[in-house]
Amino acid sequence: MARASHWVARVVVGCVALVTMSPDAAAQATLPYAKRTLSFNGLSTSVHGDIRTVGMGGASAGLADTFIAAMDNPAGLAMTVGIGDIHFASDSVQDANVQHFDSAITTNSFGLALGLYPWAVSVGYLSPYREEESYRLEPLRNVAQLTVITRELVVSAARLFAHDRFSVGVTLVLGQAQRQIGLSRENLGDPSYSSYTAGAVVGGMMQLPRRFLLGASFSTPLHYSGAGDAMQENLSLPGFFQSVEVPWRASLGLGFIPNRFFRADLTVHLLGASGNTALLRDERARVGENITLQPRFGAAYVFADYKEFKATVFVGTYYEFTRIAGTENRLHGTAGLEARIWILTIGGAIDAASGYRNSIVSVGADVFGIFARLKMMPTAYTPPYGRMFPRPYAFSDEGLARPLVKDWHAIGPDMDPIKVSIGIPKNLVNGVRNAGTELKQIARDVSEALEATNQTPEQKQKAAAAEAQEAERKSAADKLTAEKAAAVAKADEATRANDAATRKAADRRRAEERKKRLHPQPQTTHAP
């Protein structure tokens with residue numbers, strides 16, 4: 001009976017504690033340290049980026065054919081990027097190795113790359129690493145939102161050499177690391193602390209026989225300094241504003257681009273050690289104590305290629321050798337699907353492993369396609385469409401970036417990005433006017449489609465007969481116009497022939513007169 005009363009008392013006390021505690025505090029885990037002493041990690045070994053990068057398992061050092069992929073090897077900007085690439089992506093990652101699986105880690109990136117043969121440039125912004133979760137802080141038992149995030153402004157340039165067989169690229173990285181404590185109870189917190197640093201990525205890419213590409217790059221380490229001791233002691237979590245360490249990285253990739261429909265890449269990253277760093281959630285979770293190897297493989301295939309529809313599938317895998325103490329290595333499987341319908345681009349990608357998930361859904365617009373349709377920029381030459389399931393391994397130069405084409409010659413209008421960009425403001429008024437025309441045509445097509453769905457069979461038959469009659473009338477009118485044009489052309493041809501004969505006769509007459517003047521005939525005399 002006494003034991004039962006003891007348990008009843010404990011239950012009552014527990015219920016009272018749950019009622020008196022804030023809901024946030026009851027739901028959050030307690031941070032296992034009362035003072036921070038180690039640096040933070042600033043590098044993720046999982047793949048973040050756009051649908052193409054995630055879908056191909058992050059294998060990009062041998063291709064580097066988009067803005068985000070060029071972060072692994074900037075030399076690819078000059079070798080594989082065509083007219084340009086516009087990029088935007090937001091990844092919401094659930095990673096049980098880093099923090100609670102239900103707490104998503106969000107990273108963003110956007111940028112622009114332009115090919116300016118033999119140069120290429122890009123500029124963009126990305127937040128490559130983030131840890132953020134709520135914890136109870138001892139001994140105050142306050143609930144705090146703790147955040148460690150890195151942001152980078154990147155500017156890249158690349159150039160071709162050796163008759164387009166070799167390219168070199170450099171990326172300048174301007175980085176920021178922010179550490180923040182937010183106390184949720186009073187919606188107040190300690191001031192955040194940010195530090196800044198600079199680094200670089202240097203890369204090269206070489207064309208091998210059979211359109212294989214060998215790429216290599218090196219990224220310098222980044223050190224974001226921590227706050228001074230005086231500031232650290234007055235925090236809700238003393239010592240939290242520690243430094244953030246990003247180790248060096250060496251990359252080697254082998255890419256394969258036989259045609260514009262298929263490409264594949266095998267990449268290996270070598271990541272340096274970063275001593276005295278640990279995850280935010282637990283200082284016992286040491287990070288980067290040893291050099292690790294990260295192999296990645298991926299492929300992309302355009303399986304549908306039409307004028308108003310293009311679809312690409314991505315597949316990949318990578319083996320994540322863990323850099324976090326107490327966690328296991330993970331084999332990732334990745335896949336993605338992207339479709340361009342008219343001027344819209346929609347798609348999604350997934351990266352899954354044990355205790356890990358990254359899902360991306362994207363809806364965007366074909367900016368270059370919109371400008372071309374509105375006559376604000378020239379329409380680029382389009383090679384013959386591959387339709388359904390084009391041959392993935394057939395070698396073809398059509399539609400590839402200029403350095404990959406063996407015997408390149410200009411086809412279609414000049415698509416120099418600088419000239420095109422200069423012409424866009426001048427064509428803005430015409431673009432607005434053409435936009436109205438395009439919208440009216442779309443509305444007319446939609447209206448006709450809706451009317452067709454609501455028609456009775458008799459009305460559809462009458463509409464079909466009227467359409468056939470209109471087509472016949474138009475065909476007759478076109479035939480009459482063609483006959484008139486042929487008659488006019490024939491008359492013009494006869495006139496030109498008559499004029500030519502007249503000129504020829506005049507020339508012959510002038511030649512005879514000139515001959516008489518130069519060689520007069522002797523006069524004959526007769527005796528009386």
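So, how was this worked out
Residues numbered from 1 in each chain as written. Predicted model: local features only at pLDDT ≥ 70, side-chain atom pairs only at ≥ 80, totals over all residues. Heavy atoms only, no water. Phe/Tyr/Trp six-rings, centres within 6.5 Å; stacked < 30°, edge-to-face > 60°. Helix = DSSP H or I, 4+ residues; strand = E, 2+ residues; numbered from the N terminus. Buried < 20%, exposed > 50% of the residue type's maximum accessible area, 1.4 Å probe, protein only. Lys NZ or Arg CZ within 6 Å of the ring centre and 35° of its normal. Pairing = 2+ DSSP bridges. Salt bridge = Lys/Arg side-chain N within 4 Å of Asp/Glu carboxyl O. Polar contact = N/O pair within 3.5 Å; in protein donor to acceptor, adjacent residues only side chain to side chain. Contact = heavy atoms within 4.5 Å. Patch = residues over 30% accessible without salt bridge, like charges linked within 9 Å, V, L, I, M, F, W, Y side chains within 5 Å. Areas by Shrake-Rupley, 256 points an atom, 1.4 Å probe, with all protein chains shown as cover. Core = buried A, V, L, I, M, F, W, Y, C linked by side-chain atoms within 4.5 Å.

## Quick word on the packing of aromatic side chains
- As enumerated under the stated definition, the model contains ten aromatic pairs in all.
- Ring geometry for Phe256 against Phe395: centres 6.2 Å apart, planes inclined by 70°, an arrangement best described as edge-to-face. Of this pair, Phe256 sits in strand β12 (residues 249-256) while Phe395 sits in the loop between β20 (387-388) and α7 (417-426); the two residues are 139 residues apart in sequence, bridging distant segments of the chain.
- Residue classification places Phe256 among the buried residues on the basis of a relative accessible area of 15%.
- Residue classification places Phe395 among the partly exposed positions, given a relative accessible area of 38%.
- The lysine or arginine in question, Arg159, covers the ring of Phe161, its NZ or CZ lying 5.2 Å from the ring centre.
- It is Arg402 that lies over the ring of Tyr117; its NZ or CZ is 3.7 Å from the centre.

## Details of the sheet that holds strand β2 (residues 39-41)
- With mixed pairing, four strands are arranged side by side in an open sheet as β10-β11-β2-β14. For this open sheet the edge positions go to β10 (222-224) and β14 (277-278), each flanked by a neighbour on one side alone.
- Judged from the three bridges that link them, β10 and strand β11 (residues 244-246) form a sheet pairing that is antiparallel. Across the sheet, Tyr224 pairs through a bridge with Val244, a residue of β11.

## Some words on the pattern of salt bridges
- Counted under the stated rule, the structure contains 13 salt bridges.
- Measuring nitrogen to oxygen at the nearest pair gives 3.3 Å for the salt bridge that ties Asp305 to Arg260. Taken together, the positions of Asp305 in strand β15 (residues 292-305) and Arg260 in the loop between β12 and β13 (262-271) put the pair 45 residues apart, joining distant regions of the chain. Comparing Asp305 with Arg260, the two get one shared label, buried.

## Some remarks on the side chain of Ser243
- Tracing the backbone through its elements, the reader meets Ser243 in the loop between α5 (229-233) and β11.
- On the accessibility criterion, Ser243 (10% relative accessible area) is buried.
- Among the polar contacts listed, one links the side chain of Ser243 to the side chain of Glu245, at a separation of 3.1 Å.
- Sequence-distant contacts of Ser243, that is, excluding residues within four places in its chain, are made with Ser39, Phe40, Arg179, His223, Tyr224, Ser225 and Gly226.

## Here we look at unusual backbone geometry
- With an omega dihedral of 5°, the bond running from Tyr117 to Pro118 counts as a cis peptide bond.
- Here Pro118 lies in the loop between β4 (105-116) and β5 (119-137).
- Look at Trp342: it is not a glycine, yet its phi comes out positive at around 60°.
- Residue placement: Trp342 occurs in the loop between β17 (330-341) and β18 (344-353).

## Remarks on a nonpolar patch on the surface
- Residues Ile86, Leu112, Val123, Leu153, Val155, Leu172, Leu174 and Val367 make up a contiguous nonpolar surface patch of about 610 Å² in total accessible area.
- Listed by contribution, the elements that provide at least two residues to the nonpolar patch are β6 (142-161) and β7 (166-183).
- Among the structural elements, Val123 can be located in strand β5.

## Some remarks on the nonpolar core
- Counting residues in each nonpolar core, the largest one holds 68 residues, and the members touching the most others are Leu146, Ile181, Leu237 and Phe240.
- Ranked by residues supplied to this core, first place goes to β6 with six residues.
- With residues up to four places along the chain from it excluded, the contact list for Leu146 reads Leu31, Glu131, Glu132, Glu133, Tyr135, Leu137, Gln180, Ile181, Leu237, Phe240 and Leu280.
- Phe256, Phe262, Ala264 and Tyr301 belong to the second-largest nonpolar core, a separate cluster that totals five residues.

Geometry only, nothing functional implied.
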